Structure formats: structure tokens, C-alpha cells
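For reference, the chains in residue letters:
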Amino acid sequence: MTTIQEKMPQTDMVKWRRHLHRHPELSFHEVETAKYIKKVLADFPNLEVSSLTENSVIAILKGNKPGKTIALRADIDALPIVEEADVDFPSENPGVMHACGHDTHTAMLLGAIKTLTGMQDKIAGTVKFIFQPAEEEPPGGAKLLVEAGVMDDVDQVFGLHIAPNIPVGMVGTRKGPASAASDVFTLKIQGKGSHGSTPDLSVDPIMIGVEIITNLNNIVSRNISPFDNAVISIGEFNAGKTANVIPDTAKIQGTVRTNNKEVRAFIQKRIEGIIDGICKMYDATYDLDYLLGYSEVNNDSDATDIVMAAAEKVVGKERMFEAPKMMGGEDFSAYTDVRPGSFFILGGGTAAEGCGYMNHHPKFKIMEDCFPVGAGMHTQIILDILGQG
């Protein structure tokens, strides 16, 4: 018996992926990427292709009978990373790399489209294929597409993400929160500089910054229930240029990750209160820019049941796993904020196969043998919801 993944155009997906990998483009600059996707789609029958936002590509396949509208999404942008991966098709765009696997997501969705466009007579309803720019940079391409109306007629939405350190052929998902809300804050402390020999004449922004960071690190351990997930990490603390001068300013940047809307709001308020209180205590002033980034992806129960049923057909029960909660951010959340959907994980290869480097690492790579599984999952989901025999 032929399985759905055996019908996927593996050779084509490898070709498409390698072209995209050689020509990566950063968020909000995916001009040639969008052109290439449209060029590939032009060879497929029965599609309506358009753009709702800059560098997005939307392809619509209408079945021969009316029914639900189901959306499948792939992100298309790359990262500002110098590639070090051991591949025969490295990036030709210096300093830019597909280090998160978006080239593979795009290729697998194209593979599903090639299959489904030849099955139009078996579909009752509409499939909307979303090639989305700017997943990596807030406010994110998904938010802009939602504002442009991409979800207005959609009943359910599905997406996947490739993952190293998981064997090819594995599919993982979970119900409820699947990723974290990801917020960023930038703090500038304005103190008063002085010579290092006269600290009593200063308002030392370094000491103030140290105290702020110490107290921020106490929020999760002392203000958040151990049954809730939260992370506060400081990624930048800059001040001064020489050993014997106390500077007048300091800059701190950090990120906040949460899985709960109430916890997210509480941490923002607590951070603002700590900064305000400590700066006032030392007679410093400050400027705080707190950017609310992506919300958490929330996997709908019914939609996730559909993913699990498809995975059982595509890879079998023994190759399915419950995905752990992810504290990384993912702008697929913009879709699940407005429509029920599910986001699942696809195994991309193990460390023994040379795939031991995580997403966003300069040596990140995956096994292309996973492509028929990902494209097969997309296709099976559509056939399970809209299929006519």
C-alpha cells in the first residue's frame, strides 16, 4: 500500500529548498524569495496566487465542491547569521543564513501544493496556502497578514516547524500553549558621571543597573507560581568606556517569555515597578521601552486531534510524541489568536547524523529525508478535513 508521503515530490522539494538556502533574505526583505515562490507556483494548475502584504504569497486552491476553508502556513525569511553548516549549497548572501529551517518549511508546503493541485476533484472546500515573510522580526509578518484579512474566511489553520535533535519521521504536538509569548525591553538609566576617585559625587548607573538586574531575576523565583512557566533573561548591559570614570548612562536589554496572559501582564508591571523604585531611590532617571512581541501559540484541542490523526496515518503511532512546551517565540500565534489551529514539530535529524546544532546556530542543518513527511502531513490534514474519498 502506497503511503501519502511516498507520493510527495522529494526531488522537487530538495531542488526548491537548496535554491532558497543559497539565496536567503532577511525579514521584511524577502523580495527575490517571494518572486521564486510565485515562479514555482506558476507551474501548478488550479491556483489563484496573490499578495496581501509586501513579500507575502497567498495561493488558493478551490475544490470542486463548497466546504470549509483551511489554511496552511510556511514562513520564508532568514537570519543575520554567517553560515558555518557543512552543506554543499551554502548561503551566497554574506552574513545571511536560513538557520531556522524556513527554507525547508517553504519547500515542504510547495510539495504539498504540487500534490493537492492534482487532487482538486477530491476536495470539498478551499485550501489557503500562506507563504509568510518576517517571522523572525517583530511585529512579525503574521500580524500584518491577519490585519490585512488573511484569516477572515479561514476555519482552521495549521503549521509546522522543523527541529534538529529529533529523528526523521517523528511528528510531535501538544494541546494548549505550545510556545511562549516573547517580549523585549530596553532600559536607559540616566545617572551622573564622576571620576572613579570621587564616587560620592556620582549617581552611578552601573550600580543601579546591577541592583535592577538582581531584583528582576527574583521575579520568577519569588513572584511567579512554580506551576507557571516564565523566563526573564538579560542579554545586554553596557556602560562606560574606561576604568577610572563612572559613566552617566547605562543600557540594559532583556527578554521575557511566558505561557500565560495573566503572568505576562504581571511581569511587565513588576519590571516597570522595580525599575521605577530603584531609580527613584538613587535619584536617577530612566527611559523604558517595553515591547510586547508575539503572544503564545495556543493549539486548539480539535485542531490538534486532526494533526494527531494525520500523523498516525503518515508516520504511525510509534513515531508520534508529545512536544514539550517551548519557551521560544513564534508568530504563528497571530493566527491562533483569531482562529483555531495547531502548530506541530517535525523531526529533522539527530546529532549522529550531523544535525546536532539547534535552530539559529551557524552550523544548523537538517536531513532532507524529512521533506516527504512534512509535505505528507500538510496533505493528509487537508484530505482528512476536506477530502471526498
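Position numbers for residues count from 1 along each chain, tracking the sequence in the order it is written. For a predicted model such as this one, the threshold for reporting local features is a pLDDT of at least 70, and the threshold for listing and counting side-chain atom pairs is 80 or more; totals across whole chains, interfaces and linings nevertheless cover every residue. Here the side-chain values reflect all heavy atoms present in the structure, with hydrogen atoms and water set aside.

*Asks:* Go over the UniProt feature "domain: Peptidase M20 dimerisation" (unreviewed entry) in the protein, please, and point to the residues and values.
*Replies:* UniProt positions are given in the numbering used here, feature names are shortened, and annotations may be inferred rather than shown by experiment. Within this numbering scheme, the UniProt entry marks residues 185-278 as carrying the feature "domain: Peptidase M20 dimerisation" (unreviewed entry). When the span residues 185-278 is considered, its composition is 39% helix and 31% strand, and the gap between its end C-alpha atoms is 17 Å. By definition, any uninterrupted DSSP run of H or I lasting at least four residues is a helix, any uninterrupted run of E lasting at least two residues is a strand, and each is numbered from the N terminus.

*Asks:* Account for the sheet that holds strand E10 (residues 230-238), with residues named and values stated.
*Replies:* Spatially, four strands are ordered E10-E12-E8-E13 in an open sheet, and the strand pairing comes out antiparallel. What marks the edges here is a single partner per strand, and that holds for E10 and strand E13 (285-294). Strand after strand, the sheet turns through a mean of 15° between neighbouring axes, direction not considered. Those strands touched by helix H5 (residues 205-223) are strand E8 (181-190), E10 and strand E12 (249-258), and its axis lies near 165° from that of E10. What makes two residues a contact is simply this: any of their non-hydrogen atoms within 4.5 Å. With axes taken as lines fitted to C-alpha atoms, and helix axes fitted only over the stretch in contact, angles between N-to-C directions fall between 0 and 180 degrees. Its contacts with the sheet place helix H6 (residues 261-281) against E8, E10, E12 and E13, and it is angled at close to 170° to E13. A strand pair is defined by DSSP finding two or more bridges across the two strands.

*Asks:* Pulling in residues and values, what's your account of unusual backbone geometry?
*Replies:* Here the residue pair Pro-138 and Pro-139 is connected by a cis peptide bond, since its omega of 10° sits within 30 degrees of zero. Note on placement: Pro-139 falls in the loop between strand E4 (124-132) and helix H4 (141-147). The backbone phi angle of Asn-46 is positive, close to 70°, even though this residue is not glycine. Within the element layout of this structure, Asn-46 appears in the loop between helix H2 (31-41) and strand E1 (47-50). Summary of the burial criterion: residues with accessible area below 20% of their type's maximum are buried, those above 50% are exposed, and those between are partly exposed, where the area comes from a 1.4 Å probe applied to protein chains only. Looking at Asn-46, the relative accessible area reads 39%, which means it is partly exposed. At Asn-165, a residue that is not glycine, the phi angle is positive and equals roughly 65°. Note on placement: Asn-165 falls in the loop between strand E5 (156-163) and strand E6 (171-173).

*Asks:* Could you give an account of the nonpolar core, naming the residues involved and the relevant values?
*Replies:* Note on terminology: a nonpolar core comprises buried Ala, Val, Leu, Ile, Met, Phe, Trp, Tyr and Cys residues joined through side-chain atoms within 4.5 Å. One finds Leu-41, Phe-129, Phe-131 and Met-377 to be the most contacted residues of the largest nonpolar core, which totals 63 residues. The element that contributes the greatest number of residues to this core is helix H9 (residues 371-386), accounting for eight residues. Excluding residues that lie within four positions of it along the chain, Met-377 makes contacts with Val-171, Val-307, Ala-310, Ala-311, Val-314 and Phe-344.

*Asks:* Report on helix H7 (residues 301-314), specifying residues and quantitative values.
*Replies:* Taking 1.5 Å of rise per residue, 14 residues should cover 20 Å, and H7 covers 20 Å from first to last C-alpha, within 8% of that figure. Restricting attention to buried positions, one finds in H7 the residues Ala-303, Thr-304, Ile-306, Val-307, Ala-310, Ala-311 and Val-314. Summarising the axial view, the buried residues of H7 lie within an arc of 150°, below the 170-degree limit, and thus occupy one face. Residues of H7 that are exposed and point more than 90 degrees away from the buried face comprise Asp-302 and Lys-313. One side-chain oxygen at the N-terminal end of H7 lies 3.1 Å from the backbone nitrogen of Asp-302; it belongs to Asp-300. Following H7 by one or two positions, Gly-316 adopts a phi angle in the positive range, close to 90°. One less than the residue count of a helix, multiplied by 1.5 Å, gives the span that helix is expected to have. Throughout, the arc means the angular range of directions from the helix axis out to the C-beta atoms. In protein, a polar contact requires one atom able to donate a hydrogen and another able to accept it; more generally it is a pair of N or O atoms within 3.5 Å, and residues adjacent in sequence count only if both atoms are side-chain atoms.

*Asks:* Pulling in residues and values, what's your account of the environment of Ser-194?
*Replies:* Mapped onto the elements, Ser-194 comes out in strand E9 (residues 194-195). In contact with Ser-194, other than residues within four places in its own chain, are Leu-201, Ser-202, Val-245 and Ile-246. Polar contacts involving the side chain of Ser-194 include one to the side chain of Thr-198, which spans 2.7 Å.

*Asks:* Break down the sheet that holds E6 for me, citing the residues and quoting the values.
*Replies:* The strand order across the open sheet built from eight strands is E1-E2-E4-E3-E5-E16-E6-E15, with neighbouring strands paired in mixed fashion. Looking at the sheet topology across the chains shown, the edges are occupied by E1 and strand E15 (320-322). Strand-to-strand twist of the sheet, defined as the mean angle between neighbouring strand axes without regard to direction, takes the value 25°. Note that strand E3 (residues 65-75) and E4 share eight bridges and pair parallel. Bridging across to E4, Thr-69 finds its partner in Thr-126. Its contacts with the sheet place H2 against E1, strand E2 (57-62) and E4, and it is angled at close to 20° to E2.

*Asks:* Describe the side chain of Glu-136, and please don't skip the residues or the numbers.
*Replies:* Tracing the backbone shows Glu-136 in the loop between E4 and H4. In this count, Lys and Arg are taken as positive residues and Asp and Glu as negative ones, while His and the chain termini are left out. A pairing counts as a salt bridge when a side-chain nitrogen of Lys or Arg comes within 4 Å of a carboxyl oxygen of Asp or Glu. Buried charged residue Glu-136 carries no salt bridge. Nearest counter-charge: Arg-73, at 8.6 Å. Side chain to side chain, Glu-136 and His-102 meet in a polar contact 3.5 Å long. Sequence-distant contacts of Glu-136, that is, excluding residues within four places in its chain, are made with Ser-27, Asp-77, Ala-78, Leu-79, Cys-100, His-102, Tyr-294 and His-360.

*Asks:* Explain H2 to me, and be specific about the residues and the numbers.
*Replies:* If you check which residues of H2 are buried, you get Thr-33, Ala-34, Tyr-36, Ile-37, Val-40 and Leu-41. One side of H2 carries all its buried residues, which in axial view fall inside an arc of 160°. Exposed side chains of H2 directed beyond 90 degrees from the buried face belong to Lys-35 and Lys-39.

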